Number of protein chains: 2
Amino acid sequence: MTLQNNKPESVGRILEAAEILFSEKGFEGTSISAIAKAAKVSKANVYHHFESKEALHIQVLKSACEDFGNIVNGLISDTGLLEDRLGKFAGTHILDMERRNRGTRLILRELIEGDQNRQLLFAENVASNHFKHLLSFIQDSQESGDVREDVDPAVVATLLLGANVFFFMAKGTLQNLDDFTLSDNPAHFGHAISKIIAHGISKNKTE
Amino acid sequence: MTLQNNKPESVGRILEAAEILFSEKGFEGTSISAIAKAAKVSKANVYHHFESKEALHIQVLKSACEDFGNIVNGLISDTGLLEDRLGKFAGTHILDMERRNRGTRLILRELIEGDQNRQLLFAENVASNHFKHLLSFIQDSQESGDVREDVDPAVVATLLLGANVFFFMAKGTLQNLDDFTLSDNPAHFGHAISKIIAHGISKNKTE
DNA sequence: GTCTATACAGGGATAGAC
DNA sequence: GTCTATCCCTGTATAGAC
């Protein structure tokens, strides 16, 4: 959090209300009036603390990015089977998305809606942390001989993170499918895909 | 397409303009005025042909779903290696998302923004086609002994489709990462993940 | 720092002429 | 079926009192 403490309490309420509403209804679907009402301040007060609606949105977004970027460290344990190490990462990652639900949704929205400048911002803030962290782990595993040389680490990272992200965003839809019984168990899903991926990229046949 | 031919040409222009704008700017970010302008008709004309903004949106969305639902058949070839069959499916799927770019974006938006009723609609229209098609293929492969029994077919399907969807929606961000060199080659990505997944779920060691 | 009141633009939607 | 003109509301943002 980059929030200073000498700011009045109302600023915090505005930011929280904005985060909730932006994440639920999107930027265009959220009005300053609604935010002001939820934060129990007047519209003018919102504009006193934030230059514009867009400035407020960016502020909220930055907080979400920081929160998300900080939870990566130490996610991958130092020892154990490839499958278990990947599984721990995937399971934690998906639960973090759940826990930071609103921030996750904000960021997902930006992935779709954001223009190129915005996407660059996320690439640098969020993606570069999560992605590169996972990436270097896979590269290390290649060098140590656990992972086959002919797999592209970036593809593996995208595969794992992408499946997790998709699970998060589509679970409302997935649970309508009869054959999908895991929609209420994110961590389980994370471990299941890790198992498949680990088998898929492993050099040693550890069945 | 459920479009009747006895409708005036302007209706088609309205629908096309709406599809473009809704997919680029979202429902709330798109005004009827903007649609009317792009379709070269008056606002009142839009309301003459469509009951409300929401009705127009749903119509556009339905077309997108139908277009998408229809391209599934025959995607999985009858013969060949598991890896190649999955690869063909994934490659075609990801290219279809590119080709139907606007429709894909519309549907992705709904995955995030839609309420429960909407998500049910997609589950029945789009997901049930793509997902179940892939699902039954994996189940068949389990019965014929190509795929291990301890993998959940639904997880495999989600893994593959999810990675593809994530690639589509995040490629603007991914291309900002130095280590990701596949962002301009969707089909390649589809094949690469199929290879990993096929290895991961295969019973026979076909390396 | 907080409010009420207001300016002004644009939103969705309708009336009624042609 | 298409238009212009209009209604009414809500949007962002500001002015100015306290």
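For the structure itself, look to the data block above.
Report on the accompanying structure. (Residues numbered from 1 in each chain as written. Chains lettered and ligands numbered in written order. Predicted model: local features only at pLDDT ≥ 70, side-chain atom pairs only at ≥ 80, totals over all residues. Heavy atoms only, no water.)

Focus: the protein's contact with DNA strand C
Part 1: Inspection of the region around DNA strand C gives 17 residues, with A:S42, A:N45, A:H49, B:I32 and B:Y47 positioned closest.
Part 2: The protein-proximal atoms of DNA strand C, defined as those within 4 Å of the protein, are 65% sugar or phosphate.
Part 3: B:S33 places a polar side-chain atom, nitrogen or oxygen, 3.4 Å from a phosphate oxygen of DNA strand C.
Part 4: One nitrogen or oxygen atom from the side chain of B:Y47 is found 2.8 Å from a phosphate oxygen belonging to DNA strand C.
Part 5: Going through the elements one at a time, α3 (43-49) of chain A together with α2 (32-39) and α3 (43-49) of chain B are the ones with two or more residues in the surface near DNA strand C.
Part 6: Here the residues of the surface near DNA strand C sort into six nonpolar, nine polar and two charged. (Near = heavy atom within 4 Å. Polar contact = N/O pair within 3.5 Å; in protein donor to acceptor, adjacent residues only side chain to side chain. Helix = DSSP H or I, 4+ residues; strand = E, 2+ residues; numbered from the N terminus. Nonpolar A, V, L, I, M, F, W, Y, C, P; charged D, E, K, R; others polar.)

Re the packing of aromatic side chains
Part 1: All told, the structure shown has eight aromatic pairs over all chains when counted by the stated rule.
Part 2: Taking the centre distance of 6.1 Å and the plane angle of 65 degrees together, the rings of A:F180 and B:F131 count as edge-to-face. Placement of A:F180 in the loop between α8 (153-174) and α9 (186-201) and of B:F131 in helix α7 (residues 116-143) is noted, with the two residues assigned to different chains. Residue A:F180 shares its accessibility class with B:F131, and that shared class is buried.
Part 3: One aromatic cluster in this structure is built from A:F131, B:F167, B:F180 and B:F189. (Phe/Tyr/Trp six-rings, centres within 6.5 Å; stacked < 30°, edge-to-face > 60°. Buried < 20%, exposed > 50% of the residue type's maximum accessible area, 1.4 Å probe, protein only.)

Some points on the pattern of salt bridges
Part 1: Tallied over the full model, the rule gives 22 salt bridges over all chains.
Part 2: One continuous salt-bridge network, built from bridges that share partners, spans A:E19, A:D67, A:R100 and A:R102. (Salt bridge = Lys/Arg side-chain N within 4 Å of Asp/Glu carboxyl O.)

Some details on the protein's contact with DNA strand D
Part 1: As a structural note, the neighbourhood of DNA strand D is formed by 17 residues, with A:Y47, B:S10, B:S42, B:N45 and B:H49 the closest of them.
Part 2: When the atoms of DNA strand D within 4 Å of the protein are grouped by moiety, sugar and phosphate amount to 62% of the total.
Part 3: One of the backbone nitrogen or oxygen atoms of A:T30 is found 3.4 Å away from a phosphate oxygen of DNA strand D.
Part 4: A:K43 places a side-chain nitrogen or oxygen 3.4 Å from a base nitrogen of DNA strand D.
Part 5: No other element matches α3(B), which puts four residues into the surface near DNA strand D.
Part 6: Split into classes, the residues belonging to the surface near DNA strand D amount to six nonpolar, nine polar and two charged.

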